[in-house]
Amino acid sequence: MSQSAERIAITNQKGGAGKTTTTINVAGALSRRGYDVLVIDLDPQGHATEGLGFGDSYDARDRDSLYEVLPDLDRLDELESLVVTHDEMDLVPSHQRMINIEDELANARRREERLGMLLDDADTAWDVVLVDCPPNLGILTDNAVVATGQVLIPAQARSTSIRAIEQLFRQLRSIETAFDDVDELGLVANEVGTDGEAEEMMDWFKETFENKEHCEVFEIRKRVALQRAWNNGVSIFAHGEECDMEAEYDAIAGHLEEVTDV
Ligand SMILES: Nc1ncnc2c1ncn2[C@@H]1O[C@H](COP(=O)(O)OP(=O)(O)OP(=O)(O)O)[C@@H](O)[C@H]1O
Ligand SMILES: [Mg+2]
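Here goes a summary of the coordinates provided.

### Points about the overall build of the chain
Here's step 1: Per the secondary structure count, the chain includes 12 helices and 8 strands.
Here's step 2: Expected size for 262 residues packed as a compact globule is a radius of gyration near 18 Å; at 17 Å, the chain falls within 12% of this value.
Here's step 3: Dimensions of the chain, computed from the C-alpha atoms along their principal axes, are close to 50 × 45 × 30 Å.
Here's step 4: Looking at the chain as a whole, 57% of its 262 residues are labelled buried.
Here's step 5: Within the chain, contacts between residues separated by at least 24 positions form 80% of all contacts whose residues are at least 6 apart in sequence.
Here's step 6: Total accessible area computed for the chain in this model is approximately 11300 Å², and 39% of it derives from carbon and sulfur atoms.
Here's step 7: Each charge sign in the chain was given a centre, from 23 positive and 55 negative side chains, and these centres are 5 Å apart.

### Notes on the nonpolar core
Here's step 1: Among the nonpolar cores identified, the biggest contains 50 residues, and Ile40, Leu42, Leu66, Leu187, Phe205 and Phe209 are the most heavily contacted of them.
Here's step 2: If we ignore the near neighbours within four places in the chain, the residues touching Ile40 are Leu66, Val92, Leu115, Leu119, Val129, Leu130, Val131 and Asp132.
Here's step 3: By size, the runner-up hydrophobic cluster in this structure holds 35 residues, among which are Ala27, Leu30, Tyr35 and Val84.

### Some points on the site of ligand 1
Here's step 1: Around ligand 1, 21 residues are found, and the nearest of them are Gly18, Lys19, Thr20, Thr21 and Asn190.
Here's step 2: Ala17 places a main-chain nitrogen or oxygen 2.9 Å from an oxygen atom of ligand 1.
Here's step 3: A distance of 3.0 Å separates a nitrogen atom of ligand 1 from a polar backbone atom of Arg221.
Here's step 4: When ligand 1 sits alone it has 620 Å² of accessible area, and the protein chains cover 86% of it.
Here's step 5: According to the grid-proximity analysis, the pocket containing ligand 1 is the largest pocket.
Here's step 6: Contributing elements (two or more residues each) for the shell around ligand 1: helix H1 (19-32), strand S7 (183-192), strand S8 (216-221) and helix H11 (224-231).
Here's step 7: By residue class, the composition of the shell around ligand 1 is 5 nonpolar, 9 polar and 7 charged.

### Things to note about the layout of surface pockets
Here's step 1: The computed volume of the largest pocket comes to approximately 430 Å³.
Here's step 2: Along the walls of the largest pocket sit 20 residues, with Gly18, Thr21, Asn190, Glu191 and Trp230 positioned nearest its centre.
Here's step 3: Of all the secondary-structure elements, those providing two or more residues to the lining of the largest pocket are H1, S7 and H11.
Here's step 4: At 4 residues, the largest contribution of residues to the lining of the largest pocket is made by H11.
Here's step 5: Partitioning the lining of the largest pocket into residue classes produces 5 nonpolar, 9 polar and 6 charged.
Here's step 6: Of the voids in this model, the second largest pocket is the one considered here, and its volume is about 200 Å³.
Here's step 7: Around the second largest pocket, the lining residues are Glu113, Val145, Val146, Ala147, Thr148, Gly149, Ile175, Phe179, Asp180, Asp181, Val182 and Asp183.
Here's step 8: Looking at the lining of the second largest pocket, the element that brings in the most residues is helix H8 (residues 139-148), giving 4 residues.

The rules behind these values
Residues numbered from 1 in each chain as written. Chains lettered and ligands numbered in written order. Predicted model: local features only at pLDDT ≥ 70, side-chain atom pairs only at ≥ 80, totals over all residues. Heavy atoms only, no water. Helix = DSSP H or I, 4+ residues; strand = E, 2+ residues; numbered from the N terminus. Rg over C-alpha atoms; globule rule 2.2 N^0.38 Å. Buried < 20%, exposed > 50% of the residue type's maximum accessible area, 1.4 Å probe, protein only. Contact = heavy atoms within 4.5 Å. Areas by Shrake-Rupley, 256 points an atom, 1.4 Å probe, with all protein chains shown as cover. Lys, Arg positive; Asp, Glu negative; His and termini not counted. Charge placed at Lys NZ, Arg CZ, Asp CG, Glu CD. Core = buried A, V, L, I, M, F, W, Y, C linked by side-chain atoms within 4.5 Å. Near = heavy atom within 4 Å. Polar contact = N/O pair within 3.5 Å; in protein donor to acceptor, adjacent residues only side chain to side chain. 1 Å grid on protein atoms, 1.4 Å probe; cavity = no way out; pocket = protein on both sides within 12 Å on 5 of 7 lines; lining within 4 Å. Sits in = over half its atoms within 2 Å of the grid points. Nonpolar A, V, L, I, M, F, W, Y, C, P; charged D, E, K, R; others polar. Points joined across faces, edges and corners; volume = space filled by probe spheres on them.

Now the structure itself:
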């Protein structure tokens, strides 16, 4: 793959933090800015795959997927064969078989490096690769973080997010001791309400993230238009409905332009 491709993992092991919504809409924003974007759905639940309209690929019996390719060192040059094309971006879909992939990788050599090797061996020069992570801190998330070295962290503005983020930081630092540095590029507060808890959490996010070198805090509110875009298989940018959150997703894309080599 061209050296200029920027890779970013969207990660938070807490379920429902907004990873997939962030992935799809940041991909849409980058695509709108003219970049070639590849989304990798690394979540065995396949929500990004489904949310981009590729539910058939998720269920297809006769189609190879990351499940067949990642555990097989001889097949790590096959990324392109897994890619499907969406109007706004390319996608490596998840597959229902992915539920078992962590078992397949458990005893594999260089098991946390497989996704990075797959990307290194690709010929296509995407500008940006976004990896939507599953809601756990297992081998798949390790693969995403090792492959990208840069993370965008979505989180709900609720006090239960604090413990999850502290645990995520410990995991990132432990990955750094074994592999390369990991850069936090942003915290995307998601479904932010107007209650006191949300306000307190926005303060906590700012205190915790804004002193990191390349990191900014973004605020996405709850909007049914985002849900409807998802149901339509597109990002908010390709969805024919005005939504004030487009500006915030575009600001995230602008920040990524600034702090990475996108
Ligand atoms: N800002 C928002 N406004 C309205 N609905 C939202 C918003 N963000 C997320 N949702 C909805 O909340 C649900 C959870 O969000 P999402 O799937 O993005 O989280 P996730 O972290 O990817 O979840 P999982 O851990 O299951 O992968 C989805 O149904 C999504 O459409
Ligand atoms: Mg998800």
